[in-house]
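What the coordinates show
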Amino acid sequence: MVQGTLVLVDGSSFLFRAFHAMTEMTRSDGKPTGAVFGFLNSMDLIDRTISDAVSVIIFDTPAPTFRSEIDPEYKANREECPIELQEQIPIVKEIIDSFGIPRFEKDGFEADDLIGTIARWWEERGGNVVIATSDKDMLQLVSDKVSILRTHMGKTKIYDADAVIEKYSVPPLAFVDVLALMGDSVDNIPGVPGIGEKTAGSLIAEFGSLENLFDNIDNVKGPKRRDALKENRELVYRSRELAKIRTDVALELSEDVLTRREPDAERLYKHFSELEFRTRAAYWRDHAGVREKPKDYRLVESLEELQKIINGLSSGGCLAFDTETDALNVHTLEMVGFSFAENEGCSFYVPCGHAGETNLDRRAALELMKPLFEDENRPKAAHNLKFDSHVLKRYGITVRNSDDTMIMAQLADPDAATHGLKGLAASILQMPMAKYDEIAGKGKAQQTFDQLDALAVSDYAAADADATLQLHAYYAPRLEERGVKELYEQVELPLVDVLREMECNGVLIDVDILARQSEALSEEMGRLEAEIFEQAGRVFNVNSPSQLAAVLFDEMGIAPPGKKRSTRADILEKLADEGVEICRSIIDYRQRAKLKSTYLDALPNLVSTIDGRVHTSYHQASTNTGRISSTDPNLQNIPVRTEMGKRVRQGFVAPDGRRLISADYSQIELRILGYLAQDPGLIDAFSHGEDIHTRTATEIFGVLPLEVDDAMRSKAKAVNFGLNYGMTAHGLAQRLKISRQEAQQYIDAFFENFPRVRAYLDMIVEEGKANGFIRTIMGRRIPARGLDDQNRLRREAARRAAINAPIQGSAADMLKKAMVCTASWIRDKKPPVKMILTVHDELIFEVDEGCVNSVAGDIRRIMERVIDIGIPTPVDISVGANWAEL
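In short, a report on the structure. Computed from a predicted model, the values in this text were never measured in an experiment. (Residues numbered from 1 in each chain as written. Predicted model: local features only at pLDDT ≥ 70, side-chain atom pairs only at ≥ 80, totals over all residues. Heavy atoms only, no water.)

**Re the overall build of the protein**
- Counting its secondary structure elements, the protein contains 37 helices and 23 strands.
- Since a compact globule built from 886 residues should have a radius of gyration of about 29 Å, the 32 Å found for the protein is in line with a globular shape.
- Dimensions along the principal axes, computed over C-alpha positions, put the protein at roughly 95 × 75 × 55 Å.
- Counting the 886 residues in the protein, one finds 53% classified as buried.
- Restricting to contacts in the protein with at least 6 residues of sequence separation, those with at least 24 account for 68%.
- Here the protein displays about 40000 Å² of accessible surface, and carbon together with sulfur accounts for 47% of that area.
- Put simply, the protein has 108 plus and 140 minus side-chain charges, and the middle of one group is 1 Å from the middle of the other. (Helix = DSSP H or I, 4+ residues; strand = E, 2+ residues; numbered from the N terminus. Rg over C-alpha atoms; globule rule 2.2 N^0.38 Å. Buried < 20%, exposed > 50% of the residue type's maximum accessible area, 1.4 Å probe, protein only. Contact = heavy atoms within 4.5 Å. Areas by Shrake-Rupley, 256 points an atom, 1.4 Å probe, with all protein chains shown as cover. Lys, Arg positive; Asp, Glu negative; His and termini not counted. Charge placed at Lys NZ, Arg CZ, Asp CG, Glu CD.)

**Quick notes on the nonpolar core**
- Among the nonpolar cores identified, the biggest contains 165 residues, and Phe340, Phe652 and Met819 are the most heavily contacted of them.
- At 13 residues, helix 36 (residues 792-829) tops the list of elements feeding residues into this core.
- Look past the residues within four positions of Met819 in its chain and what remains in contact with it is Leu495, Val498, Leu499, Met502, Ile628, Met835, Thr838 and Leu843.
- Grouped together as the second largest cluster of nonpolar side chains are 57 residues, Phe109, Phe175, Leu203 and Val236 included. (Core = buried A, V, L, I, M, F, W, Y, C linked by side-chain atoms within 4.5 Å.)

**So, the packing of helix 29 (residues 668-677) against helix 32 (residues 710-724)**
- Relative to each other, helix 29 and helix 32 sit at 65°, their axes nearing to 10 Å. Both helix 29 and helix 32 take part in a crossing whose hand is left-handed. Listed contacts from helix 32 to Glu669, Leu670 and Leu673 of helix 29 are Asn720, Phe721 and Asn724.
- The class makeup of the residues in the contact of helix 29 with helix 32 is three nonpolar, two polar and one charged. (Axes fitted to C-alpha atoms, helices over the stretch in contact; angles between N-to-C directions. Left-handed = near helix turned anticlockwise from the far one by under 90°. Nonpolar A, V, L, I, M, F, W, Y, C, P; charged D, E, K, R; others polar.)

**Section: the packing of aromatic side chains**
- Across all of its chains, the model carries 22 aromatic pairs by this definition.
- Consider the rings of Tyr283 and Trp284, whose centres lie 5.1 Å apart with planes at 85°: the pair is edge-to-face.
- When the centroid spacing of 4.8 Å and the interplanar angle of 50° are considered together, the rings of Phe750 and Phe754 count as tilted. For the pair shown, Phe750 and Phe754 are each scored as buried.
- These aromatic residues form a ring-pair network of at least three members: Phe37, Phe99, Phe272, Phe277, Tyr283 and Trp284.
- Across the ring face of Phe272, the terminal group of Arg280 is positioned such that the distance to the ring centre comes to 6.0 Å.
- Taking the ring centre of Trp883 as reference, the NZ or CZ of Arg649 above it sits at 4.1 Å. (Phe/Tyr/Trp six-rings, centres within 6.5 Å; stacked < 30°, edge-to-face > 60°. Lys NZ or Arg CZ within 6 Å of the ring centre and 35° of its normal.)

**Describing helix 14 (residues 278-288)**
- Listing the buried residues of helix 14 in full gives Arg280, Ala281, Trp284 and Arg285. Taken down its axis, helix 14 places every buried residue within 135° of arc, on the same side.
- Packing partners of the buried residues in helix 14 comprise helix 2 (34-49), helix 5 (89-99) and helix 13 (265-275).
- In the stretch just after helix 14, Gly289 is the one whose phi turns positive, near 75°. (Arc of directions from axis to C-beta.)

**Some thoughts on the side chain of Thr567**
- Inspection of the secondary structure puts Thr567 in the loop between helix 24 (545-555) and helix 25 (569-577).
- Residue Thr567 is classed as buried on the basis of its relative accessible area of 8%.
- Filtering out sequence-adjacent residues up to four positions away, Thr567 remains in contact with Pro545, Leu548, Ala549, Leu552, Phe553, Leu572 and Arg590.

**Remarks on the pattern of salt bridges**
- The full count for this structure, using the stated rule, is 48 salt bridges.
- Taking the shortest distance from any N to any O, the salt bridge between Arg67 and Asp113 comes out at 2.7 Å. Of this pair, Arg67 sits in helix 3 (residues 66-70) while Asp113 is found in helix 6 (residues 111-124), placing the two residues 46 residues apart along the sequence. With respect to class, Arg67 is no different from Asp113; both count as buried.
- Among the salt bridges present, the one from Glu438 reaches Arg278, with a minimum N-O distance of 2.7 Å. With Glu438 in helix 20 (residues 436-440) and Arg278 in helix 14, this residue pair connects regions lying 160 residues apart in the sequence.
- For Arg278, a relative accessible area of 38% puts it in the partly exposed group.
- One network of salt bridges, with partners in common, ties together Lys93, Asp97, Arg103 and Glu105. (Salt bridge = Lys/Arg side-chain N within 4 Å of Asp/Glu carboxyl O.)

**Examining the sheet that holds strand 13 (residues 507-509)**
- Sheet architecture is open: three strands sit in the order 14-13-17, paired in antiparallel fashion. Pairing within the sheet leaves two strands with one partner each, and these edge strands are strand 14 (613-614) and strand 17 (652-653).
- Pairing between strand 13 and strand 14: two bridges, direction antiparallel. Bridge pairing in strand 14 places Val507 opposite Val614. (Pairing = 2+ DSSP bridges.)

**Some points on unusual backbone geometry**
- Of the consecutive residues Asp632 and Pro633, the connecting peptide bond is found in the cis state with omega at 0°.
- With respect to the helices and strands, Pro633 occurs in the loop between strand 16 (629-631) and helix 28 (643-649).

**Focus: the pairing of strand 4 (residues 128-133)**
- Counted residue by residue, strand 4 has five buried out of six residues, so it is predominantly covered.
- With five bridges joining them, strand 1 (residues 5-10) and strand 4 adopt parallel strand pairing. Counterpart to Val9 in the pairing with strand 4 is Ala132.

**A look at the sheet that holds strand 7 (residues 296-299)**
- The strand order across the open sheet built from six strands is 7-10-9-8-11-12, with neighbouring strands paired in mixed fashion. At either end of the open sheet lies a strand with only one pairing partner, and these are strand 7 and strand 12 (402-404). Averaged over all adjacent pairs, the angle separating strand axes in this sheet is 25°, with direction ignored.
- Looking at chain direction, strand 8 (residues 319-325) and strand 11 (residues 380-382) are connected through two bridges and run parallel. Counted as the bridge partner of Ala320 is Ala381 from strand 11.

Printed below as a string of structure tokens:
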């Protein structure tokens, strides 16, 4: 016999509802946290409603269930789980485990089935069960010992057998028959057309069961209802099979397994600190016995006081610093104040642009600090150094000999949940920090930093420098311990200044060209829209997914792939490939609309009124592989080889008397693959300057090089690059629009002729499993997650990522080092050239017309000698008056 009440929580249901109720809630670094916050609040509500009970939380998994075998269309109309929710699911599960709460999930079954199984197990042993859910399907499980707790809008209602009968007119055991008749549009359970909840309940109440209903079908009132039931008899029984909750899933159950363990206070404190849930963090900090370290944060109120503090600093200790500004645009902002710290727990904030009277003269204060910032021998540290050095550069200060704790953290601990200052302070230092909106307000009422009084924000600002100092002490030794010190010192740290300089350089934009291209696209969109209306047979809003779905799937009778009524790009592409002309027209229309709104119309608004240039922001620590990204605007996503992409690139121009030079590594990822795999065939082909795609074509098609046509080379190219990304035969077949069998033959032929590649790919996966990470040529650690995941789809995705990681990561490291070396050459030799853009494996320079050839030659020599991998790494050079010509 078991003791007490067991509460079974439908975790997936509560988490999904919490996500949609709090979509705007984020951490200070922008990571979504609303689903976690809302879920925890729901658990608190359940605890308050049912005291002294043991909770167990059950989740769905992404794997298909047995119901999909019964009916492939089951839940087929559900949209994919939003990425913002996917990111929060593991966090919720970690918190549940830290609370010591038992947690269940099982591939092949839904959470409902596990809940039903556990409920029956506990009930049969004499215990009471409460099922907490928002799903009415669970009502079929209600019995003398099982009740349902449904929550809505912060309110709860308990459903026992009497409550089920009162609402649906049938006892709980018959409720599944009601579900079979009424169906469920959310889960795509068909039911009987025209029969809703009320009618279904009255029919089962009258006849007692589905079997008795159909045995006495002629006694059903209303000819239309009778006919609908007769026509859909098989559908009804299939619907009942889909709706019926299993209570016999193979689970290892015992009272011990279902008993809550003691919560791990330290882990909970860490979780809630990272999430910036300050009230919960404070509660568990106290329970964990963690005590906040004493702090001495001071507001500097005069130049004399500032000078005295500077005089009292040591001569060689690390000086951490941070700047506060009135905006985030580094080209137009003004500094509001700065903080600095030399000793843990002791930090100073210097206000120089706040509302109120407590301010120092900005120029005078910075003049006192300038020798410290520019001292080559004085080590310094900042978190996101590029931003702070931008700010100080605006006031004539060049920061020298400074580390960047954000990049240190990203290299030493790439698997961390966040590399933002506040998140790291919470997780590494157990130092919760105030969020910006806690001091500046939220939404429309939020004030900028300059509008706040210095006294009110002094501790907030001073904490930034203190946290940076402590993180520097924490990460400095770990760079060497984790084998990334050389990468940090030779590549990532010097790259900070290179990217800052590139952001200042910007790229010249010809707004007239963009305007003409925008007008031309508008005309093309008009023609395509008319074409779409003619194909559809009526006018509708092409930009509305719901209207488009109605036209395609209802009015035109087009069957959507996979039975999903979606108008996503991949769905339309499949339909277009099958010959559905309207889908190709819609794709062409959307491509033009996106290019027009994202670039042609948006870029002119981003052009600086000072120099006519666009100044993008580069991010060197935003991806696990180390690839540089850009924002405001994002220049990485402009199509490279399409005609429409070239239209945008025509607007990126060289000034009069200058030209643009593009330097692009040729097939660098394939060359890196050859080096990492040490495959003789690839090494030989690259060493002799062969066209690798032609060479691969000769191997997989068994022909001579002269017999390789364009189609063969194109397929070989897809094989070459596809294997870099861990592509399977299924993926290759989709890309080349061939059979899976033919795709497998290509892959087998490739591995037969380049056998070391297969061995290397297998080795990388095993290395990722063993270590939890994979290294690039220069030692970058790239996390390898999910390689042993029980879910096949997630496991295959993890394998593809692991295979690509060291290749793409090594290419990123090589390009970054090339940028550092090229920038050093520019600084030392002072040629008339600026580095202005980087996109993927390409660097773009602006150079005087008179020295194009000599500069191009120097750039090529530098880039080709950056890293010796024993295989030539040629650089393609092109010159033009605008980006499209390169």
